[in-house]
Structures are given as structure tokens and as C-alpha cells.
Amino acid sequence: MPQLLVDHSAELALDRDALAAELHKTVTEVIDTTVAECKTVFRPAPHHTVGDGVSGEAVVLVEVKILAGRTTAQRAELTTRVLDVLRSHLSVPTAIGVQVTELDRDTYRFVHHPGR
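The structure contained in this document is the topic of the report that follows.

Basis of the calculations
- Residues numbered from 1 in each chain as written.
- Predicted model: local features only at pLDDT ≥ 70, side-chain atom pairs only at ≥ 80, totals over all residues.
- Heavy atoms only, no water.
- Helix = DSSP H or I, 4+ residues; strand = E, 2+ residues; numbered from the N terminus.
- Buried < 20%, exposed > 50% of the residue type's maximum accessible area, 1.4 Å probe, protein only.
- Contact = heavy atoms within 4.5 Å.
- Lys, Arg positive; Asp, Glu negative; His and termini not counted.
- Charge placed at Lys NZ, Arg CZ, Asp CG, Glu CD.
- Pairing = 2+ DSSP bridges.
- Axes fitted to C-alpha atoms, helices over the stretch in contact; angles between N-to-C directions.
- Phe/Tyr/Trp six-rings, centres within 6.5 Å; stacked < 30°, edge-to-face > 60°.
- Lys NZ or Arg CZ within 6 Å of the ring centre and 35° of its normal.
- Core = buried A, V, L, I, M, F, W, Y, C linked by side-chain atoms within 4.5 Å.
- Expected span 1.5 Å × (residues − 1).
- Arc of directions from axis to C-beta.
- Right-handed = clockwise from strand over helix to strand, strands pointing away.

**Here's the deal with the overall build of the protein**
- Of regular secondary structure, the protein possesses two helices and four strands.
- Summarising its shape, the C-alpha atoms of the protein cover approximately 45 × 40 × 25 Å along the three principal directions.
- Counting every position in the protein, which comprises 116 residues, the buried fraction comes to 34%.
- Restricting the contact set of the protein to residue pairs at least 6 apart, pairs at least 24 apart contribute 78%.
- Across the protein, the 12 positively charged side chains and the 16 negatively charged ones have centroids separated by 7 Å.

Here is the structure:
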């Protein structure tokens, strides 16, 4: 169920597999879910600008989507922990944003499509 969308500067060197594995583990430590239920998509952005563009910072923006019903404290803890994981994987100056959003339990659906 948890979905992690990682938008990042294309030139940023990331070990995506290691980062996803650590993010998935972190999610399971904060909310009731399993690593097998976590899904992460990395979306490199070919262009980015921070402020007036002078700093040269890279950018990483992460949205963690979880089913509604967690407390504000749980969502805040998840935000903090994801931010800590990101910091540990970045070696260059980077502007980082993390947002935890809730999916409506009544309208959200996820399936594993077997293909054709």
C-alpha cells in the first residue's frame, strides 16, 4: 500500500535500490505495513532550480502516500524518518522536501495486474 514517489535532480548520484530498501524498512517501522507492500518510483527531473538558481543545489522531493487513518504524530514521525534516510544517502548539497499524504480508504484501489 505505501507508495513513495521520489522526484530528484537527474544528475544526482543515488543508489536507488539501497535507498528504496531503506525507505521501505523505515515505513514499516512507523506504520503497520510490510516491506512487500511498499512501492517506490524514482522520477529523475532533467531540469531543476532552487531559489534564484545560484546555489547549485540538487533537489529531492518525496511524497509518501499511505492509507488514511494514521495519527498526525505517526505521519510526522514518518516524515522525519524519511528525511533522515534521505540525508544519509546524499553526499552533495541538496534541497529536500518530504510530504506524507493520505489515500482515501473508500476510493483507493491497488491491484497486481498479471499482464497478458
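Don't stop here, the text continues.
**Looking at the sheet that holds strand β2 (residues 39-45)**
- Strand order in the open sheet made by the four strands is β2-β1-β3-β4, with mixed pairing throughout. Of all strands in the sheet, those with a lone pairing partner are β2 and β4 (94-103), marking the two edges. If you compare each strand with its neighbour and ignore which way they point, the axes differ by 15 degrees on average.
- Across six bridges, strand β1 (residues 3-9) lies against strand β3 (residues 58-67) in antiparallel orientation. Its bridge partner lying in β3, H8 is registered against V60.
- Docked against the sheet, helix α1 (residues 16-30) engages β1 and β2, running at close to 135 degrees with respect to β2.
- Where helix α2 (residues 72-89) meets the sheet, it contacts β3 and β4, and its direction lies at approximately 145 degrees from that of β4.

**Some details on the packing of aromatic side chains**
- Evaluated as defined, the whole model comprises zero aromatic pairs.
- Above the face of the F110 ring, K39 is positioned so that its terminal group lies 4.4 Å from the ring centre.

**Notes on the nonpolar core**
- Counting 28 residues, the largest nonpolar core has V62, V64, L78, V82 and L86 as the members making the most contacts within it.
- For this core, the secondary-structure elements that each account for two or more residues are β1, α1, β3, α2 and β4.
- Excluding residues within four positions of it along the chain, L78 makes contact with V27, V30, V64, I66 and V100.

**Description of α2**
- Compared with the 26 Å implied by 1.5 Å per residue over 18 residues, the 26 Å span of α2 between its first and last C-alpha is a close match.
- Buried within α2 we find L78, V82, V85 and L86. Looking down the long axis of α2, one finds its buried residues gathered within 100 degrees of arc, a one-sided arrangement. Counted as exposed and oriented over 90 degrees from the buried face of α2: T72, A73, R87 and S88.

**So, the pairing of β3**
- Of all the ten residues making up β3, seven are buried; the element is thus mostly covered by neighbouring parts of the structure.
- Taken together, the ten bridges between β3 and β4 define a ladder with parallel strand orientation. Looking at the pairing, V59 lines up with A95 of β4.
- For the segment spanning β3, α2 and β4, crossover handedness is right-handed.

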